[in-house]
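# Examining the three-dimensional arrangement
Next come the chains, spelled out residue by residue.
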Amino acid sequence: MNASPHTTAAAILPLVGGPANVTSVAHCMTRLRLGLRDRTDVQEDALRALPAVLGIVADDDTYQIVLGPGTVARVTPEFEALLATTADQLAARGAELKATRRRRNATPLKLLLRRIANIFVPLIPALIGCGVIAGLNGLLINFGLLPSVTPALAAIASGFMALIAVFVGYNTAKEFGGTPILGGAVAAVIVYAGVAKVTAFGMTLAPGQGGVLGALAAALLGTYVEKWCRSWVPETLDVLVTPTVTVLLTGLVTLYALMYTAGELSTGIGTAANWLLENTGAFAGLILGGLFLPLVMLGLHQALIPIHTTLIEQQGYTVLLPILAMAGAGQVGAAAAVYVRLRHDQSLRTTIKSALPAGLLGVGEPLIYGVSLPLGRPFVTACAGGAAGGAFVGLFSMLGDKVGSTAIGPSGWALFPLLSGNRGLAVTAAIYAGGLLTGYVVGFAATYFFGLTDRTGPAGLSVERAKVEP
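This report concerns the structure included in the present document. The residue count restarts for each chain, going from 1 along the sequence in the order it is written. Local features in this predicted model are restricted to residues of pLDDT 70 or higher, and side-chain atom pairs are both shown and tallied only at a pLDDT of 80 or more, whereas totals for entire chains, interfaces and linings draw on every residue. The basis for the side-chain values is all heavy atoms of the structure; hydrogens and waters are excluded.

## What about the sheet that holds strand S3 (residues 55-58)?
For clarity, the threshold we go by: Note: two strands are recorded as paired if DSSP finds a minimum of 2 bridges between them. Helix and strand definitions here come from DSSP, where helices need a minimum of 4 consecutive H or I residues and strands a minimum of 2 consecutive E residues; each element is numbered from the N-terminal end. A fitted line through C-alpha atoms represents every axis, and for helices the fit uses only the stretch in contact; the resulting angles, taken between N-to-C directions, go from 0 to 180 degrees. The contact rule is simple, with two residues in contact once any of their heavy atoms fall within 4.5 Å.
If you trace the four strands from one edge of the open sheet to the other, you get S1-S2-S4-S3, paired in antiparallel fashion. Edge positions in the open sheet fall to strand S1 (22-27) and S3, since each of these has one partner strand only. Shown here is a sheet whose adjacent strand axes are inclined to one another by a mean of 20°, direction ignored. Looking at chain direction, S3 and strand S4 (residues 63-66) are connected through four bridges and run antiparallel. When the bridges of S4 are listed, Ala58 appears paired with Tyr63. Along the sheet, helix H3 (residues 71-84) contacts S1 and strand S2 (31-36); its crossing angle with S1, the most-contacted strand, is approximately 155°.

Printed below as a string of structure tokens:
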């Protein structure tokens, strides 16, 4: 039984050096005429052995594979379709996957998480800047340098965090359709020093109690109160009555309910995170590092932003981010393995080379949606690398060596200036570097040995997946 045109084309392509070696395709009555970059890449004996190949003619201009009348006309379009399935189509497939997942993520819960992310993401540049300054100040203090300057640096680094509740309140009201300045006003109650004179639930309140979670809740409540006021207050009195009622009612609820409740919740988050890493560090790191890439795909990672911010506000750093950053290390290792294994696919290798520096700095989307996710298995093996790196960092947390980040946003190598912990910067950086190295190595090895099957073609796709969909 004769092979199908697609099967014949799929068999010929790797034997002529793969897509990167083909510069032109044409056919006459009986021959498939190819322009080739390097004819030494052709496996001519194997090519002649194919049942559909009747002969080979090589002249100065083209490499001609004799297939016979009728057959060549059917094989040529299939051959051209396979050529199209290179890194460009892989990237397009990745973009399509990304768009599909975004559509699937449009559930009420995920839309809410995106709105929460919209509140906190604008704060990241200030968190990074202040975090780097805090790290620099810590180094100066540890080495006893510039003692007259360190108090000023401490004030610069800490000022934003002292008032972060106000910014969260402002952004919350803006995101949910309220007046931003009113959101900031009700959130400012939380950080006002005078709240120390207020007693709620039999306890004296402390400035900052409830933190960013309290600020978010206060501003959200203020937005609904504001909208309610505008539904019944006459327009002539709106400018006077609405802001007054909004700030008064929301402020009272914030003082006598939200600050205490949010404070307890914030304390619980910090206690839970510390307990998790101190008692189940390696296992927790394995799970968190291994699942973070799927969480990013599903948009659920946005739920972690307020948790990171709460931990930074409470402890000065978040112990979760360095573990989650290991997912990026696994992704880099996986991409490197694809680069090594698919050495004939120059287009895909070029894509990886251009995306790899960003991946090393913690920007993983180009590698995720352009390489590993469309290929399938490399995405799973990248998660394995992230799990291994997370387990490494988590193990040291169990041993009492905490690794944290003073800001959220960067990961990979870009996280080094923001590292902090309880054992000094040198130990903290060494543990984090060890986690990255573990993620790179395991991600590479898992992908090299298990991420690409023997049926993977020159474009990194299996024969079945290489078909161009209508």
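## A look at a nonpolar patch on the surface
Worth spelling out the cut-off: Any residue with relative accessible area above 30% and no salt bridge may belong to a patch, with like charges joined within 9 Å and the nonpolar Val, Leu, Ile, Met, Phe, Trp and Tyr side chains within 5 Å. For accessible areas, the Shrake-Rupley method is used with a probe of radius 1.4 Å. Any residue's cover is judged against the shown protein chains and nothing else. The term salt bridge refers to a pairing of a side-chain nitrogen on Lys or Arg with a carboxyl oxygen on Asp or Glu at a separation within 4 Å. Relative accessibility decides the category of a residue: with a 1.4 Å probe and only protein chains considered, values under 20% of the type maximum give buried, values over 50% give exposed, and everything between is partly exposed.
A grouping of Leu139, Phe143, Leu145, Leu146, Val149 and Leu425 is seen on the molecular surface, where their side chains present a nonpolar patch of about 530 Å² in accessible area. Here Leu139 lies in helix H6 (residues 124-142). Owing to a relative accessible area of 32%, Leu139 belongs among the partly exposed residues under this scheme.

## Remarks on the packing of helix H14 (residues 326-341) against helix H18 (residues 425-451)
Rules: When describing relative orientation, an angle under 35 degrees is termed roughly parallel and one over 145 degrees roughly antiparallel, while 65 to 115 degrees is termed roughly perpendicular and anything else oblique. Handedness of a helix crossing follows the sense of rotation of the near helix relative to the far helix, less than a right angle counterclockwise being left-handed and clockwise being right-handed. In this classification, Asp, Glu, Lys and Arg are treated as charged, Ala, Val, Leu, Ile, Met, Phe, Trp, Tyr, Cys and Pro as nonpolar, and every other residue, Gly included, as polar.
Packing of H14 against H18 leaves a shortest axis separation of 7 Å and a crossing angle of 40°. By the angle between their axes, H14 is oblique relative to H18. Remark: the crossing between H14 and H18 carries right-handed chirality. The segment H14 lies against H18, with Met326, Ala329, Gly330, Val332, Gly333, Ala334, Ala336, Ala337, Val338, Val340 and Arg341 engaging Tyr432, Gly435, Leu436, Gly439, Tyr440, Gly443, Phe444, Thr447 and Tyr448. In terms of residue class, the contact of H14 with H18 is made up of 13 nonpolar, six polar and one charged.

## Some thoughts on the environment of Asp59
As for its placement among the helices and strands, Asp59 is situated in the loop between S3 and S4. The exposure class of Asp59 is partly exposed, given its relative accessible area of 29%. When near neighbours in sequence (up to four residues on either side) are disregarded, Asp59 contacts Arg39 and Gln64.

## Observations regarding the side chain of Thr428
Position of Thr428 relative to the elements: it lies in helix H18. The exposure class assigned to Thr428 is buried, which follows from its relative accessible area of 1%. Each residue touching Thr428, except ones within four places of it in the same chain, is listed here: Lys402, Val403, Leu419, Ser420 and Gly421.

## A short note on the side chain of Asn171
As for its placement among the helices and strands, Asn171 is situated in helix H8 (residues 164-175). The class of Asn171 is buried, set by a relative accessible area of 13%. Apart from residues lying up to four places away in sequence, Asn171 is in contact with Ile119, Pro122 and Leu123.

## Points about the pattern of salt bridges
Counted by the stated rule, this structure contains six salt bridges. Two residues, Arg48 and Glu44, come together in a salt bridge whose shortest N-O distance is 3.2 Å. A residue pair is termed a helical-turn pair when its members lie 3 or 4 positions apart in one helix, as Arg48 and Glu44 do in helix H2 (residues 44-48) at four residues. Using a relative accessible area of 42% as the deciding quantity, one classes Arg48 as partly exposed. On the basis of relative accessibility, which here comes to 32%, the residue Glu44 falls in the partly exposed class. The partner of Arg230 in a salt bridge is Asp238, and the shortest N-O contact between them spans 2.5 Å. Taking relative accessible area as the criterion, Arg230 reaches 39% and is therefore assigned partly exposed. Classification of Asp238 as buried rests on a relative accessible area of 18%. Several salt bridges share partner residues, and in doing so they unite Glu226, Arg230 and Asp238 into one network.

## Some remarks on the packing of aromatic side chains
Convention followed: Any two rings among Phe, Tyr and Trp, with Trp reduced to its six-membered ring, count as a pair given centres within 6.5 Å; such a pair is stacked if its planes are under 30 degrees apart, edge-to-face if over 60, and tilted if neither. Ring-over charges, as used throughout, are those where CZ of Arg or NZ of Lys falls within 6 Å of the ring centre and within 35 degrees of the ring normal.
In this structure the tally under the stated criterion is seven aromatic pairs. Between the aromatic rings of Phe160 and Phe167, the centroid separation amounts to 5.2 Å while the plane-to-plane angle is 40°, which identifies the pairing as tilted. On the accessibility criterion, Phe160 (12% relative accessible area) is buried. Taken together, the aromatic side chains of Phe444, Tyr448 and Phe449 make up a single cluster linked through ring pairs. A cation over an aromatic ring shows up here: Arg115 above the ring of Phe176, its NZ or CZ 4.4 Å from the ring centre. Directly above the ring of Tyr339 sits Arg349, whose terminal nitrogen or CZ lies 3.9 Å from the centroid.

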